[in-house]
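Structural overview
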Amino acid sequence: MKKGLVIIPAYNESANIRNTVADIKKNAPDFDYVVINDCSKDNTLQILKDEGMNYVSLPVNLGIGGAVQTGYRYACEHGYETAVQVDGDGQHDVSYLNAMYDAMKEKEADMIIGSRFIEKEGFQSSALRRVGISYFTAMIKTLTGVRITDPTSGFRLAGRSVIEMFAKDYPRDYPEPESIVTVLRSGKKVVEYPVKMRARQGGESSITMGKSVYYMIKVSIACLIANIGHQKG
Amino acid sequence: MSIHLKVFLLICLIIVLVFMVRQVSAKKLVLQYSLSWMFLIFGLAVVIVFPGILEIISRMIGIAVPVNTVFFLGFLFALVIIFNLTSAVSRMSVEITRLTQELALMEKKLKDEQSGESSQE
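Description of the pairing of strand β5 (residues 111-115) of chain A
All names here are of chain A. Burial analysis of β5 places five of its five residues in the buried class, which makes it a mostly covered element. Residue alternation in β5 divides its side chains into two sets, M111, I113 and S115 and I112 and G114, and both sets are buried. With three bridges connecting them, β5 and strand β6 (residues 156-159) associate as antiparallel partners. From the neighbouring strand, I112 faces β6, where its bridge partner is L157. Pairing between β5 and strand β7 (residues 190-194): five bridges, direction parallel. Note that in β7 the partner of I112 across the bridge is V191.

Laid out in structure tokens, this is it:
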């Protein structure tokens, strides 16, 4: 029985996708994987077909939230015990997966987040992004009392109950901080694990300046509303 | 603008805000599209609560009575909301067309595979 499913959301990742999948097969053999092709415009899909990779191809672009949720639905339907998101751009190091899996079991948590900022090693992201990230750390702490040092990290391992939650409902865009609030508010336990991330290996990030402003406003409001949500039951 | 009107408008805005937040919280509305409503509510609230801003805008546009500016801005923000919806509807109609075609083509592929097996050429 495999420990879990690795969900690889991919949008225009033709430069990185082979390496990411090879990395998983080599360094995380206890995990299955599925690539979610989010209607890429480059030849990502062709690569997936040619190399016989395990993939699901979305006919319409849904964005990171929709793509990752597809992965959670797949995990739910195939009965996986855990599911972890690994970005298609090569930033996440899958050799941490076994340790994260063990840590989550040991702490009896429902979700474990790979955080760049616990030991502050490896790729630390730009200064501007770090300001934005600490803003969300403070917001989550104020709303839920839990200190999450890397709330925007996509590198998260989820247990069965969180998989089922996300399969039903997951934010469409900038899902990471908001979904943490939702999980905490429903009484589940979220912990972190120190990891080192790599800089993006190839291709381009999809977050621009204008989008950053929208991001801050939208996610703040979303976290506030997610926080109210479960008090009504 | 009389204090009566200010209080009345603010109460209306608060009712709409509470309603929108509850709808989003109950998953009946997606946050993305209710953001422009929140923008309208916030924009109008600021203009009502700070009369100085209202005066400046009224003079800039050339409106004599400040209360008219409130209604004008409300109308303008409502147009922004409608535009956002127009753009969302356009995008979705393209997506639905794509999905319909994808589904039909997939059904055809499945049928061909099944009849291919049963005829066993």
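On we go.
A few points about the pattern of salt bridges
Residue and element names in this part refer to chain A. A complete count under the given rule lists 13 salt bridges over all chains for this structure. The salt bridge partner of K105 is E81, with a shortest N-O separation of 2.3 Å. Placement of K105 in helix α4 (residues 97-106) and of E81 in the loop between α3 (63-77) and β4 (82-85) is noted, with a sequence separation of 24 residues between them. Judged by relative accessible area, which is 47%, K105 ranks as partly exposed. Two residues, D93 and R198, come together in a salt bridge whose shortest N-O distance is 3.9 Å. Remark: R198 occurs in the loop between β7 and α8 (209-229) and D93 occurs in the loop between β4 and α4; sequence separation between them is 105 residues. Note on R198: relative accessible area 29%, which makes it partly exposed.

As for unusual backbone geometry
Residue and element names in this part refer to chain A. Unusually for a residue other than glycine, E108 sits at a positive phi of about 55°. Even without a glycine there, the phi angle at Y174 is positive, about 40°. Counting through the fold element by element, Y174 comes out in the loop between α6 (160-168) and α7 (175-185). Residue classification places Y174 among the buried positions, given a relative accessible area of 13%.

Topic: the packing of aromatic side chains
Following the criterion strictly, the structure yields nine aromatic pairs over all chains and no others. Judged by centre distance (5.6 Å) and plane angle (70°), the rings of F39(B) and F77(B) are edge-to-face. Placement of F39(B) in helix α2 (residues 31-49) and of F77(B) in helix α4 (residues 66-119) is noted, with a sequence separation of 38 residues between them. Its relative accessible area of 52% is what places F39(B) among the exposed residues. Classification of F77(B) by relative accessible area gives buried; the value is 18%. In this structure an aromatic cluster arises from ring pairing among Y135(A), F136(A), Y174(A), Y214(A) and Y215(A).

Observations concerning the nonpolar core
All names here are of chain A. Core analysis: the largest hydrophobic core is formed by 35 residues, its most contacted members being L5, Y72, M111, F166, I180 and V190. Those elements that provide at least two residues to this core are β1 (4-10), β2 (31-37), α3, β5, α5 (127-144), α6, α7 and α8. For this core, the leading source of residues is α3, giving five residues. Those residues in contact with V190 that lie beyond four places of it in its chain are M111, I113, V146, I148, V183 and L184. Grouped together as the second largest cluster of nonpolar side chains are 29 residues, Y33, L48, M100 and F155 included.

Remarks on the sheet that holds strand β3 (residues 55-57) of chain A
All names here are of chain A. A sheet is described by the order of its strands in space; here seven strands give the open sequence β3-β2-β1-β4-β6-β5-β7, paired in mixed fashion. Both outer strands of the open sheet, β3 and β7, are each paired with one neighbouring strand and no more. Neighbour-to-neighbour, the strand axes of this sheet turn through a mean angle of 20°, independent of strand direction. Sheet analysis places β1 next to β4, joined by three bridges and oriented parallel. Residue pairing across strands places L5 opposite A83, the latter belonging to β4. Along the sheet, α4 contacts β1, β2, β4, β5, β6 and β7; its crossing angle with β5, the most-contacted strand, is approximately 135°.

Rules of the game
- Residues numbered from 1 in each chain as written.
- Chains lettered and ligands numbered in written order.
- Predicted model: local features only at pLDDT ≥ 70, side-chain atom pairs only at ≥ 80, totals over all residues.
- Heavy atoms only, no water.
- Buried < 20%, exposed > 50% of the residue type's maximum accessible area, 1.4 Å probe, protein only.
- Helix = DSSP H or I, 4+ residues; strand = E, 2+ residues; numbered from the N terminus.
- Pairing = 2+ DSSP bridges.
- Salt bridge = Lys/Arg side-chain N within 4 Å of Asp/Glu carboxyl O.
- Phe/Tyr/Trp six-rings, centres within 6.5 Å; stacked < 30°, edge-to-face > 60°.
- Core = buried A, V, L, I, M, F, W, Y, C linked by side-chain atoms within 4.5 Å.
- Contact = heavy atoms within 4.5 Å.
- Axes fitted to C-alpha atoms, helices over the stretch in contact; angles between N-to-C directions.

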